[in-house]
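Notes for the structure review
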Amino acid sequence: MSSNIDEILDKLEKGELSISRLDQFLKSSNLATLVRRHYLEKKYNIKLTAIASTLLDFEDLVGHNIENPIGAIQIPVGVVGPLKINGDYAKGEFFVPMATTEGALVAGVNRGVKTLTLSGGVKTKILYDGMARAPLIWTPSVEEAHRLSIWLRNNIDKFKELTKQVTSHGELKDMQIFIVGNMIWPRFVFNTADAMGMNIATIASDRICKYIDDTYEGTHKCISVSGNLCVDKKPSYLDKILGRGKYVIAEAIIKKEILKDVMKLSSYEIDYINKSKNLLGNAVSGSLSYNAQFANIIAAIFLATGQDLAQVVESSLGYVWTETRGEDLYISVTLTSLEVGTVGGGTWLPTQKESLQLLGISGGGNPPGTNSLKLAEIIASTALAGELNLLAAQAAGELASAHEKLGRVKK
């Protein structure tokens, strides 16, 4: 075997074989991963020992989750909890896994979790659930674009039928039409059950586009299955207003005694810094999102549970709102486009699956869709804990000292 590997390495070095063809050439993705890694070690005179240390079976992953693998990386995973949630789907106390390399993040969120749980927990509500894909269609004139828009609306039942041919759980639930000049975007919105749903939305939209091309008699051309009005992996007002994925709100009322005991602050101090920092500060900067650190919490939970990391961009859009209620504090987090799933993507990988099992939501829910909705409520509740703690830390002037203590490598 060693001589065979040496021969293959020689072919790679001479350019007679490419690293992307190793899986096919060797008929084994695990062996291809080994050879690919050895080739790089030899080429750059380095050792990739840590990257080589993995429990992943690349025979299952190549073609589904990765191409040209050389191993895997490890990210520390911590938990915050118990976090009490009183939601429509998430009910009870949860220990939430967070994968991060940022010191002080887990400790800080955990202080927020403690405060919320002592206050009776977080109430959550899902207001909207729909994954969107918006193809772009060219027509020669606005008159033709308008005529096509009428035809599209008259054929939505056929589009729903085509969607059913693609997925047994998903369905087309809405179509929002946008016209600019002679260009038209039908923004299809799908219910995708416990899947995050991007693949379902793309495949169904592609099927619908082919039907439009084959059936509509007016002059037109489907330019792209994605015309960027979806809006995927980019911050946008459209996702904030119409929603994409889960539109979820988490809220809590915190008694003055608990604020004083845990945070050493009053409701007025937290309310003031939220409105001056998260609202005025973000408005002055031109930010699309009015919060302090949604992305911190969402990225950490996404990484731990196998979500699409690039979708942290739009999943972190939202608002923090506070009010003083007497001397108590009302605080809420609104996430307008939280895109999550408990099946598909990276959710079936061993460590990510265990994180979902920790939350009691691995795989499909019963009924379908309930697990992904539960995950959305858990993430929103954890984001609320993170915002509460960070606002308190900054109001008390503790942010720098916390990172000095927990976030720096000491040598």
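A brief structural summary. (Residues numbered from 1 in each chain as written. Predicted model: local features only at pLDDT ≥ 70, side-chain atom pairs only at ≥ 80, totals over all residues. Heavy atoms only, no water.)

Moving on, we come to empty space enclosed by the protein. A full pass over the atoms with the stated rule returns one cavity of 30 Å³ or more. Roughly 40 Å³ of internal volume is contained in the largest cavity. If you go around the largest cavity, the residues you meet are Asp129, Gly130, Met131, Phe190, Thr192, Ala195, Met196, Gly245, Lys246, Leu338, Glu339 and Val340. For the lining of the largest cavity, the secondary-structure elements that each account for two or more residues are strand E3 (122–133) and strand E8 (245–254). Ranked by residues supplied to the lining of the largest cavity, first place goes to E3 with three residues. Its residues placed into classes, the lining of the largest cavity shows six nonpolar, three polar and three charged. (1 Å grid on protein atoms, 1.4 Å probe; cavity = no way out; pocket = protein on both sides within 12 Å on 5 of 7 lines; lining within 4 Å. Points joined across faces, edges and corners; volume = space filled by probe spheres on them. Helix = DSSP H or I, 4+ residues; strand = E, 2+ residues; numbered from the N terminus. Nonpolar A, V, L, I, M, F, W, Y, C, P; charged D, E, K, R; others polar.)

A word on the pattern of salt bridges. Inspection of the entire model under this criterion finds 19 salt bridges. A salt bridge links Arg36 to Asp23; its shortest N-O distance comes to 2.7 Å. A residue pair is termed long-range when its members are at least 10 positions apart, and Arg36 in helix H3 (residues 29–44) and Asp23 in helix H2 (residues 22–26) qualify at 13 residues. Exposure remark for Arg36: the relative accessible area of 1% places this residue in the buried category. Here Glu144 and Arg147 are joined by a salt bridge, their closest N and O atoms 2.8 Å apart. Of this pair, Glu144 and Arg147 both sit in helix H7 (residues 142–154), three residues apart, which is roughly one turn of that helix. Note on Arg147: relative accessible area 41%, which makes it partly exposed. (Salt bridge = Lys/Arg side-chain N within 4 Å of Asp/Glu carboxyl O. Buried < 20%, exposed > 50% of the residue type's maximum accessible area, 1.4 Å probe, protein only.)

Scanning the model with the defined rule gives six aromatic pairs in all. Ring centres of Phe159 and Tyr211 lie 6.3 Å apart, and the angle between their planes is 80°; on these two criteria the pair is classed as edge-to-face. Of this pair, Phe159 sits in helix H8 (residues 156–166) while Tyr211 sits in helix H9 (residues 198–215), and the two are 52 residues apart along the sequence. Through successive ring pairs, a cluster of aromatic residues spans Trp151, Phe159, Phe188, Tyr211 and Tyr216. Positioned above the aromatic ring of Tyr44 is the side chain of Lys43, whose terminal nitrogen or guanidinium carbon lies 5.7 Å from the ring centre. One cation-aromatic arrangement involves Lys275 over Trp321; the distance from NZ or CZ to the ring centre is 4.8 Å. (Phe/Tyr/Trp six-rings, centres within 6.5 Å; stacked < 30°, edge-to-face > 60°. Lys NZ or Arg CZ within 6 Å of the ring centre and 35° of its normal.)

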